[in-house]
Amino acid sequence: MSLESVRAFLAQHAPDISIVELDGSTATVALAAAGLGVAPAQIAKTLSLRVKDRNLLLVTGGEARLDNKKAKAVLGGKPRMLTADEVTAITGHPVGGVCPFGLAASLPIYCDISLKAFDDVYPAAGSISSALRISPARLAELVGAEWVDVCG
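Residues numbered from 1 in each chain as written. Predicted model: local features only at pLDDT ≥ 70, side-chain atom pairs only at ≥ 80, totals over all residues. Heavy atoms only, no water.

Caption draft 1: How the structure looks around the pairing of strand β5 (residues 109-112). The side-chain alternation of β5 yields two buried faces, one formed by Ile109 and Cys111 and the other by Tyr110 and Asp112. Where strand β3 (residues 54-61) lies against β5, three bridges are found, and the strand directions are parallel. Residue Leu57 lies in a different strand from β5, and its bridge partner there is Ile109. Alignment of β5 against strand β8 (residues 146-148), held across three bridges, turns out to be parallel. Following the sheet pairing, Cys111 is matched in β8 by Trp147. (Buried < 20%, exposed > 50% of the residue type's maximum accessible area, 1.4 Å probe, protein only. Helix = DSSP H or I, 4+ residues; strand = E, 2+ residues; numbered from the N terminus. Pairing = 2+ DSSP bridges.)

Next comes the structure, spelled out in structure tokens:
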């Protein structure tokens, strides 16, 4: 279902982008990088966070780490990770397949500047064995993301 919502989103907004389905899991940065044959930093991981009473998604480079002080200042409060059940309910995607495309509900989306180190990045595509290739600028444009500097 989640993979299908991403397919539908791309068909409507970016029909030139193809989803890559792998035999193995892409649920972690290391697995995704190995399966796609790219550097771990090129994986665009999507964090599902709650800041105060607001849920949001933050897309970062695969090796980037959230800097709590920066995140608190930029996002208006201390972020906390959502539980697996919350992630699935809010995004429609399973943990390990979360991406900013084809979401179950409209969410604020932020892209960390760590993504800008690469011409192309590889976010998940709604399942734990799928991904796609996209430029950071196009990713942010497609999902209406705001660029932020919240990783160290």
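Past the structure itself, the notes keep going.
Caption draft 2: Focus on the state of the cysteines. All told, the structure shown has zero disulfides when counted by the stated rule. The cysteine Cys99 is free of any disulfide, with Cys111 supplying the nearest cysteine sulfur at 12 Å. By relative accessible area, Cys99 is classed as buried at 0%. No disulfide involves Cys111; its nearest neighbouring cysteine sulfur is the one of Cys151, lying 11 Å away. (Disulfide = S-S within 2.5 Å.)

Caption draft 3: Expanded view of the pattern of salt bridges. Applying the stated criterion to the full structure yields seven salt bridges. The closest approach of N and O atoms between Arg133 and Asp120, which form a salt bridge, is 3.0 Å. One end of the pair, Arg133, is in the loop between β7 (130-132) and α5 (136-143); the other, Asp120, is in the loop between β5 and β6 (122-123), with 13 residues separating them in the sequence. Each of Glu4, Arg7 and Glu21 takes part in salt bridges that share partners, so that together they form one network. (Salt bridge = Lys/Arg side-chain N within 4 Å of Asp/Glu carboxyl O.)

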